[in-house]
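Observations on chain architecture
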Amino acid sequence: MSDYFLRLYKDSDYHVARDMFAQGLVEHTNIAFRHAIRQPQIWLPILVVLTLPALHLVSVTVSVLLVTAAVVALWFGSRHMYTSYIDYVLSDDMLDINKYYLQRDGYCFWVAESTGGEVIGTVAALPSSDHGGEKHLELKRLSVAKHHRGKGIGRVLCRALIDFARKRGCEAVVLSTTLPQRTATAMYEKLGFRQTHSFHPPGVLGKVLDFRFLVYQYDIPA
């Protein structure tokens, strides 16, 4: 017997849903940082700085300080990619979840609740804003509480959304996730989603860090 069930969002879930979303995203900072520091556009300049003492251009101390400052800046840059997005979402669709998702046709927001009354997962649906959006439903705000992961809750939430899309006559479910969210991408692929493309967010920082959004699509059988 399952120790949780799905239901529609209620206003009493507001703070838990927002906190779960924010905490789930910011966890990926270290993965994004490790990915970024392996990129040639990052480590090549660092190697150059480390060779400067051998050329008697700067002291070893200055070289180490420069590299340390660059690495720290890189970590904060990786974190900023997530925190800036979190701030945007919390002031946009998750500012008034009930109004945005439950009072509009084609939108919905579910939570997974444990039998003990704890909200342990969320997922949202809305019509896609991309080309073909009238027949495509977008999966958003999928989050599972850290201490409840590995129980299949994310898969159940995704399947509930896919079923919602099927009943509405949609042809596909689409979603975007970030490159460091490897557990999520593995789950999507096992569910039958396929990656269609990827893109960097606007601005130079995303390109420097190779911070990419991956776009997936699940085609609903006719």
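Residues numbered from 1 in each chain as written. Predicted model: local features only at pLDDT ≥ 70, side-chain atom pairs only at ≥ 80, totals over all residues. Heavy atoms only, no water.

Turning our attention to the confidence of the model for the chain. When pLDDT is averaged along the chain, the result is 93; 98% of the residues meet or exceed 70. Here helix α3 (residues 40-51) stands out as the least confident element of the chain, with mean pLDDT 88; helix α5 (residues 97-102) is the most confident, with 98. (pLDDT = per-residue confidence, 0-100. Helix = DSSP H or I, 4+ residues; strand = E, 2+ residues; numbered from the N terminus.)

Take unusual backbone geometry next. For residues that are not glycine, phi is negative in most cases, and the peptide bond is trans in most cases. Look at H56: it is not a glycine, yet its phi comes out positive at around 60°. Unlike most non-glycine residues, R141 shows phi in positive territory, near 55°. By relative accessible area, R141 is classed as buried at 8%. (Buried < 20%, exposed > 50% of the residue type's maximum accessible area, 1.4 Å probe, protein only.)

This part takes up the packing of aromatic side chains. The geometry of an aromatic ring pair is captured by two quantities: the separation of the ring centres and the angle between the planes. Tallied over the full model, the rule gives 15 aromatic pairs. Taking the centre distance of 5.2 Å and the plane angle of 80° together, the rings of Y82 and F211 count as edge-to-face. With a gap of 129 residues between them, Y82 in helix α4 (residues 60-90) and F211 in the loop between α8 (204-209) and β7 (213-219) connect regions that are remote in the sequence. Members of the aromatic cluster, each reached through a chain of ring pairs, are F21, Y82, Y85, F199, F211 and F213. Between the NZ or CZ atom of R104 and the centre of the ring of Y100, over which it lies, the distance is 4.6 Å. (Phe/Tyr/Trp six-rings, centres within 6.5 Å; stacked < 30°, edge-to-face > 60°. Lys NZ or Arg CZ within 6 Å of the ring centre and 35° of its normal.)

Given a rise of 1.5 Å per residue, 12 residues ought to cover 16 Å, and the 16 Å separating the end C-alpha atoms of α3 matches this to within 8%. Burial in α3 covers these residues: I42, I46 and V49. Considered in projection along α3, the buried side chains sweep an arc of 60° and stay on one side of the axis. Where α3 is buried, its residues contact α2 (29-37), α4 and α8. (Expected span 1.5 Å × (residues − 1). Arc of directions from axis to C-beta. Contact = heavy atoms within 4.5 Å.)

This part is about the pattern of salt bridges. Applying the stated criterion across every chain yields a total of 11 salt bridges. For R7, the salt bridge is made with D13, and the minimal N-O distance between the two is 2.9 Å. Here R7 matches D13 in class, with each residue buried. Note that K140 is salt-bridged to E138, the shortest N-O span being 3.6 Å. A relative accessible area of 13% means that E138 is categorised as buried. Where salt bridges share partners, they join R7, D13 and E113 into one cluster. (Salt bridge = Lys/Arg side-chain N within 4 Å of Asp/Glu carboxyl O.)

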